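Topology and contacts: notes
Residues per chain, in single letters:
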Amino acid sequence: MKIGELARSTGASVRSLRYYEQRRLLLAGRTPGGQRIYGQDAVERVMLIKELFAAGLSSDGVVQLLPCIDSGTATPAMVERLICERARIDAEVSRLAATRDRLDEIIVETRRHVLSHTAVVRP
């Protein structure tokens, strides 16, 4: 598939796909005319890259992790890196959950305050 098709299939911008290729996160073949061409596995690869970025990993971190994901093997240092990334994500999830809970409290208090000041006063 061509780069535009891959972009539409994954929701990634063409610019992002070119960046992924530049960082060697994504490999593309070339047509005789020089256009990038991707295999069907590129969709899954791009979705994984986007998930890792969305989880807060840097492009350098993704570059380091993808070989272990691709091969299914890792050095002890890579396993430690995976464990650290997971712990970081767990901490972020906890922080976000606490913020959500605080917002819930604010919403309840705000609704209570609004309702108490909008009561209909009858003569």
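Description of the structure in this document.

Comments concerning the nonpolar core
If you look at the biggest cluster of nonpolar residues, it comprises 20 residues, and the most contacted ones within it are L6, L17, Y20, L26, Y38 and V46. Put simply, the parts of the chain that give this core at least two residues each are α1 (3–10), α2 (14–22), α3 (41–54) and α4 (59–71). The contacts of L6, once residues within four sequence positions are left out, are M1, L17, L26, Y38, A42, V43 and V46.

Some words on the side chain of T10
Mapped onto the elements, T10 comes out in helix α1. Setting aside anything within four residues of it in sequence, one finds T10 in contact with V43, V46, M47 and K50.

A look at the packing of α1 against α3
Remark: α1 packs on α3, axes separated minimally by 10 Å, with the N-to-C direction vectors making an angle of 55 degrees. When the axis of α1 is compared with that of α3, the two are oblique. Our pair here, α1 against α3, has a crossing hand that is right-handed. When α1 is examined against α3, the residues L6, S9 and T10 are found in contact with a partner set consisting of A42, V43, V46, M47 and K50. Looking at the contact of α1 with α3 residue by residue, the classes come out as five nonpolar, two polar and one charged.

The rules behind the values
Residues numbered from 1 in each chain as written. Predicted model: local features only at pLDDT ≥ 70, side-chain atom pairs only at ≥ 80, totals over all residues. Heavy atoms only, no water. Core = buried A, V, L, I, M, F, W, Y, C linked by side-chain atoms within 4.5 Å. Buried < 20%, exposed > 50% of the residue type's maximum accessible area, 1.4 Å probe, protein only. Helix = DSSP H or I, 4+ residues; strand = E, 2+ residues; numbered from the N terminus. Contact = heavy atoms within 4.5 Å. Axes fitted to C-alpha atoms, helices over the stretch in contact; angles between N-to-C directions. Parallel < 35°, antiparallel > 145°, perpendicular 65-115°, else oblique. Left-handed = near helix turned anticlockwise from the far one by under 90°. Nonpolar A, V, L, I, M, F, W, Y, C, P; charged D, E, K, R; others polar.

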